[in-house]
Amino acid sequence: MSNKAAVLAKLNELGVPHDVWEHQAAFTMEDCLALPFAAPDVTICKNILLCNRQQTDFYLYLTLAGKHFRTADVSKMLGVSRLSFAPEECLMDMLQLRSGSLNPMGLWYDKEHRITFVVDRAVQQTKRIAFHPCDNTATVVFDQDVFWQQVVPTLGKVPIFLDVP
């Protein structure tokens, strides 16, 4: 079963209300922001896999699509030195995901529980939130409350919320 099919099946199994939009592969934030469901009331997140220099600590960081991102800011707020972008092969090795498909539901694949879930609180400011279902040829849109109350508890991670400038 594909990642997309598995994620959608799990959401249905959990009874999580959501809308699914099928589309051409979206590889960039610009691609995502041009999709038909993109609207002012929908947060489309930038999902970033970070790691320390030794590649022993990993962080899935969610922030706003258009927000300037500096690893130094997030590192300081987490009390971790020198975070950087994790190598692309870590996505496949740890989550069975390809670049452009990372999202919080990918944490269902973190069998070794190596990834810490970190969220810029700003992503919660809209009515709805959108993510690829571990495949960038579709997007799942949730009401914010549904995502945070029904999906996040199933990820096996308690998010760390940051107020990133």
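Above this note sits the structure.
Criteria and cut-off values
Here the residue numbers are simple positions, counted from 1 along each chain's written sequence. A pLDDT threshold of at least 70 governs which residues receive local features in this predicted model, and a stricter bar of 80 or more applies before side-chain atom pairs are shown or counted, although totals over entire chains, interfaces and linings include all residues. Based on all heavy atoms of the structure, the side-chain values leave hydrogens and waters out of the count. Each helix corresponds to a stretch of at least 4 residues labelled H or I by DSSP, and each strand to a stretch of at least 2 residues labelled E; elements are numbered beginning at the N terminus. Polar contacts, as counted here, are pairs of nitrogen or oxygen atoms within 3.5 Å of one another; within protein the pair requires one atom able to donate a hydrogen and one able to accept it, and residues that are adjacent in sequence qualify only if both atoms are side-chain atoms. Residue contacts are counted whenever heavy atoms from the two residues lie within 4.5 Å of one another. Pairing of aromatic rings covers Phe, Tyr and the six-membered ring of Trp, with a centre-to-centre limit of 6.5 Å; geometry is then stacked below 30 degrees between planes, edge-to-face above 60, and tilted otherwise. To sort residues, take the accessible area from a 1.4 Å probe on protein chains only and compare it with the maximum for the residue type: under 20% means buried, over 50% means exposed, and anything in between is partly exposed. Any Lys NZ or Arg CZ that is within 6 Å of a ring centre and within 35 degrees of that ring's normal is treated as a charge sitting over the ring.

Moving on, we get to the side chain of Asp110. Along the chain, the position of Asp110 falls in the loop between helix H4 (88-95) and strand S5 (115-120). Within the structure, Asp110 has its side chain in polar contact with the side chain of Lys157 (distance 2.7 Å). Residues contacting Asp110, with those up to four places away along its chain left out, are Met94, Leu95, Ile115 and Lys157.

Enumeration according to the criterion identifies eight aromatic pairs in this entry. Aromatic pair Phe69 and Phe85: ring centres 5.8 Å apart, planes at 65°, arrangement edge-to-face. Of this pair, Phe69 sits in the loop between strand S3 (58-64) and helix H3 (71-78) while Phe85 sits in strand S4 (residues 84-85), placing them 16 residues apart in sequence. The class for Phe69 is buried, based on a relative accessible area of 16%. With relative accessibility at 52%, the residue Phe85 sits in the exposed group. Every member of this aromatic cluster is reached through a ring pair, and the members are Phe117, Phe131, Phe142, Phe147, Trp148 and Phe161. A cation over a ring is seen here: Lys10 above Trp108, with NZ or CZ 5.1 Å from the ring centre.

Right, let's get into the side chain of Ser75. Relative to the helices and strands, Ser75 is located in helix H3. From its side chain, Ser75 meets the backbone nitrogen of Leu83 in a polar contact 3.1 Å long. Discounting residues that sit within four places of it in the chain, Ser75 has contacts with Val80, Arg82 and Leu83.

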